[in-house]
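What the coordinates show
Here is what each chain is made of, one letter per residue.
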Amino acid sequence: MTDVETNDVEIEELKEEANELIIADDKAAQQKKKKKKKCKSKNTTKAEQVLYENENDIAGENEPEIPNETKNGSSPEKPGAAEECNEDEEEEKSGAGENIKKKKNRKKKPKASKPEQTVPPSIPIIDLFPDGGPVGEIQEYAIDADRNMAKDRFTSEEARARDRVQNDMYKEVRIAAEAHRQTRKYMQTIIKPGLKLIELCETLEGIARKLIKEDGLRAGLAFPTGVSINNCAAHYTPNNGDMTVLQYDDVMKVDFGTHINGRVMDCAFTVAFNPRYDPLLAAVKAATNTGIRESGIDVRLCDVGEAIQEVMESYEVELDGKVYPVKSIRNLNGHSIAPYRIHAGKTVPIVKGGDTTKMEEGEFFAIETFGSTGKGHVHDDMETSHYMKNYEAGHVPIRVTKSKQLLGVIDKHFGTLAFCRRWLDRLDQTKYLMALKNLCDLGIVDPYPPLCDIKGCYTAQYEHTLYLRPTCKEVLTRGDDY
């Protein structure tokens with residue numbers, strides 16, 4: 001072999017060795033990158049890992065040659081590098097284990113439970129229903145076959161928008177209505193023969209004050225509790241010293257009201273222990289429901305009265321072997337309600353005829369009916385207990401000092417809402433009868449004596465408050481009882 005051939009062979013061998021070294025270097029660099037990635041992957045985000053790899057690639061290009069590969073083909077590592085990685089991994093695992101144990105040992109906080117009403121009721125309704133009381137009974141407006149005056153009200157977007165504007169007011173009246181419902185529900189369980197009427201009234205009013213969260217003129221009772229018995233149809237509440245006791249054969253009308261910001265919920269029911277009076281109660285209840293059904297926007301008040309009388313007088317009652325027709329008490333009626341004004345001007349008759357005025361959107365109405373086995377006409381009788389400041393009374397000069405002082409008490413605690421003598425006693429007022437009479441004589445305060453039919457007859461009453469919403473009518477005081 002010549003010298004030239006020998007040199008060529010040597011050059012080729014050197015090239016092969018150089019290629020092998022380059023391949024080995026690439027493998028070592030890749031393995032080193034993998035190990036570094038494993039150590040850092042748990043504590044780095046994807047973006048950090050990409051940045052880290054790019055830095056390693058740039059650094060790898062400028063690195064000096066790595067010594068010959070080891071026997072198993074892996075690049076040499078710094079002493080203790082694997083141990084450091086393993087220690088880091090073990091620390092991470094132990095830390096994660098501790099976190100898991102902590103999570104397991106953590107006790108879940110109990111959810112705040114909704115408060116439940118006590119017996120007797122004592123928790124204010126606003127605490128039970130912070131977002132407003134339950135919605136009352138919703139009824140669609142009846143569509144007249146000829147006029148279509150209530151057509152599409154329930155689905156009208158314009159009406160629904162007007163409805164939403166009143167949400168804050170709806171919350172207030174529903175809380176007042178729920179306070180009435182819960183109060184009467186409890187009272188129905190404790191009203192028994194032998195109970196003194198004054199104790200009944202004070203118990204009922206005490207519960208209602210708690211539930212409505214009485215707060216001066218902003219929230220409280222709208223008028224005194226009426227407990228009219230038998231032939232007395234309305235406006236009777238016992239004055240202090242009246243020890244009348246409820247009897248088994250009595251028919252008692254329980255009429256009381258609550259309010260928030262003057263929005264009055266006026267509602268009444270009848271209690272009778274003897275089943276022989278059931279037809280009388282059924283007649284009045286059916287008549288009240290008829291009045292509610294017939295009420296609506298643009299409905300004439302006289303048409304409601306005609307429908308009520310037709311239903312009421314279709315009933316009769318047998319007492320002691322004699323049959324009595326149930327009559328509507330023609331000089332008692334329902335009424336519209338305005339803020340701080342229980343009788344706002346419109347009357348809903350319970351007999352045929354009367355006012356042709358129409359009901360309007362946005363009005364509150366107390367639909368109440370009275371049935372009687374007597375003449376169907378009431379008159380003033382017995383001692384007066386109910387009083388109310390005249391809503392339209394202007395400034396009247398008062399000369400009697402005691403009268404001025406009493407009027408100040410009335411303005412502060414009752415405003416233009418009704419009150420009774422028991423409530424004045426509760427406010428530590430004494431020797432006020434002459435001053436009260438003076439205010440009545442001046443026309444500043446109006447007296448409302450008990451209203452009675454003929455002696456020996458029986459009367460019954462049922463009443464609900466409804467609101468004529470833009471989309472529907474809502475019977476706010478409706479409950480499971482009636």
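Residues numbered from 1 in each chain as written. Predicted model: local features only at pLDDT ≥ 70, side-chain atom pairs only at ≥ 80, totals over all residues. Heavy atoms only, no water.

A short note on helix 12 (residues 433-441)
Listed as buried for helix 12 are Ala-435, Leu-436, Leu-439 and Cys-440. Projection of helix 12 onto a plane perpendicular to its axis shows the buried side chains occupying an angular sector of 145°, all on one side. Every exposed residue of helix 12 that faces more than 90 degrees away from the buried side is listed here: Met-434 and Asp-441. Two residues or fewer past helix 12, Gly-443 is found with a positive phi of approximately 80°. (Buried < 20%, exposed > 50% of the residue type's maximum accessible area, 1.4 Å probe, protein only. Helix = DSSP H or I, 4+ residues; strand = E, 2+ residues; numbered from the N terminus. Arc of directions from axis to C-beta.)

Quick notes on the packing of aromatic side chains
In total, this model carries eight aromatic pairs according to the counting rule given. A centroid spacing of 5.9 Å and a plane angle of 40° characterise the contact between Phe-269 and Tyr-482, whose relative ring orientation is tilted. You can see Phe-269 sitting in strand 5 (residues 263-272) and its partner Tyr-482 sitting in the segment after strand 18 (473-475), a full 213 residues away along the chain. By the burial criterion, Phe-269 is buried, and Tyr-482 matches it. Both rings, one in Tyr-462 and one in Tyr-482, keep their centres 5.4 Å apart while their planes meet at 65°; by these two values the pair is edge-to-face. In this pair, Tyr-462 is assigned in strand 17 (residues 459-468) and Tyr-482 in the segment after strand 18, connecting sequence segments 20 residues apart. Sitting over the face of the ring of Trp-423, Arg-209 holds its NZ or CZ atom 5.5 Å from the ring centroid. (Phe/Tyr/Trp six-rings, centres within 6.5 Å; stacked < 30°, edge-to-face > 60°. Lys NZ or Arg CZ within 6 Å of the ring centre and 35° of its normal.)

Focus on helix 8 (residues 278-294)
Over its 17 residues, helix 8 extends 24 Å from the first C-alpha to the last, a length consistent with the 24 Å expected when each residue adds 1.5 Å. For helix 8, the full list of buried residues reads Leu-280, Leu-281, Ala-283, Val-284, Ala-287, Thr-288, Thr-290, Gly-291 and Ile-292. (Expected span 1.5 Å × (residues − 1).)

Details of the sheet that holds strand 16 (residues 451-452)
Spatially, three strands are ordered 3-16-12 in an open sheet, and the strand pairing comes out antiparallel. Bordering the open sheet on either side are strand 3 (232-234) and strand 12 (379-380), each of which pairs with just one other strand. The pairing of strand 12 with strand 16 spans two bridges and is antiparallel. Residue pairing for strand 16: Asp-380 is matched across the bridge by Leu-451. (Pairing = 2+ DSSP bridges.)

Focus on the side chain of Thr-384
Within the fold, Thr-384 resides in the loop between strand 12 and strand 13 (386-389). Taking relative accessible area as the criterion, Thr-384 reaches 18% and is therefore assigned buried. Ignoring any residue separated from it by four or fewer positions in sequence, one finds Thr-384 in contact with Asn-239, Arg-421, Pro-447, Tyr-448, Pro-449 and Pro-450. (Contact = heavy atoms within 4.5 Å.)

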